[in-house]
Amino acid sequence: MFQFQGETFDKRLAFVSDLISQKQNIVILAGAGISVSCGIPDFRSKDGLYNNLNYHELGLTCAEDLFDINAFSEDPRPFWTF
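Residues numbered from 1 in each chain as written. Predicted model: local features only at pLDDT ≥ 70, side-chain atom pairs only at ≥ 80, totals over all residues. Heavy atoms only, no water.

### With respect to the overall build of the protein chain
Put simply, the rule is: Secondary structure elements follow DSSP: runs of H or I no shorter than four residues count as helices, runs of E no shorter than two count as strands, and numbering proceeds from the N terminus. Throughout this description, buried means an accessible area under 20% of the type-specific maximum (1.4 Å probe, protein chains only), exposed means over 50%, and partly exposed covers the range between. Throughout, a residue-residue contact means that at least one pair of heavy atoms, one from each residue, lies within 4.5 Å. The Shrake-Rupley method, run with a 1.4 Å probe sphere, supplies the accessible areas, and residue values consider only the shown protein chains as cover. Counting rule for charge: Lys and Arg are taken as positive, Asp and Glu as negative, and neither His nor the chain ends is counted. In plain terms, the charge of a residue is placed at NZ if it is Lys, CZ if Arg, CG if Asp and CD if Glu.
For the protein chain, the helix and strand inventory stands at four helices and zero strands. From first element to last, N terminus to C terminus, the protein chain shows the α and β order α-α-α-α. Expressed as lengths along the three principal axes of its C-alpha atoms, the size of the protein chain is roughly 55 × 30 × 20 Å. Looking at the protein chain as a whole, 13% of its 82 residues qualify as buried. Taking the contacts inside the protein chain whose residues are at least 6 apart along the sequence as the reference set, 9% of them involve residues at least 24 apart. Accessible area of the protein chain: about 7200 Å², with a carbon and sulfur share of 55%. In the protein chain, 6 side chains carry a positive charge and 11 a negative one; their mean positions are 10 Å apart.

This is the structure we're talking about:
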């Protein structure tokens, strides 16, 4: 069904495009680093968000609290400020 050997990228892209256009609901599962190639920093590397975020300035106890649902429920302002 999904065999692509020997096909060009354009044919594969057209196939996927057609497949998507026939569906109403689509779920995409991707890893945490999917946006790194676009210049968005990752979270845990030495240059990542958690190591470079001034979380005290946002009123957080640690950088991870920026994306913690409990911290957000208590006070969403740090998230929106970021």
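### Quick look at the pattern of salt bridges
Operational definition: In what follows, salt bridge is the name for a side-chain nitrogen of Lys or Arg lying within 4 Å of a carboxyl oxygen of Asp or Glu.
Enumeration according to the criterion identifies two salt bridges in this entry. One salt bridge connects Lys46 with Asp47, and the closest N-O pair in it is separated by 3.4 Å. Note on Lys46: relative accessible area 68%, which makes it exposed. You can call Asp47 exposed: its relative accessible area is 53%. For Asp75, the salt bridge identified is with Arg77, shortest N-O distance 2.8 Å.

### Regarding the environment of Leu53
As for its placement among the helices and strands, Leu53 is situated in the loop between α2 (49-52) and α3 (69-74). Residues Leu53 and Phe82 lie 29 residues apart in sequence; the distance between their C-alpha atoms is 9.3 Å. Here Leu53 is in contact with Leu58, Ala63, Leu66 and Phe82, once residues within four sequence places are set aside.

### Observations concerning the environment of Ser21
Counted only if it meets this: Contacts described as polar in this section are N or O atom pairs within 3.5 Å, which, within protein, must combine one atom able to donate a hydrogen with one able to accept it, while residues neighboring in sequence count only if both atoms come from side chains.
Within the secondary structure, Ser21 sits in helix α1 (residues 9-21). Given a relative accessible area of 58%, Ser21 falls into the exposed group. Within the local environment of Ser21, its side chain forms a polar contact with the backbone oxygen of Asp18, the two atoms lying 2.9 Å apart.

### A few points about the nonpolar core
What counts, and what does not: Side-chain atoms within 4.5 Å are what join buried Ala, Val, Leu, Ile, Met, Phe, Trp, Tyr and Cys residues into a set we call a nonpolar core.
Of all hydrophobic cores here, the largest spans seven residues; its members are Leu49, Tyr50, Leu53, Leu58, Leu60, Ala63 and Leu66. Those residues in contact with Tyr50 that sit more than four places away from it in its chain are Phe43, Arg44, Ala63, Glu64 and Phe67.

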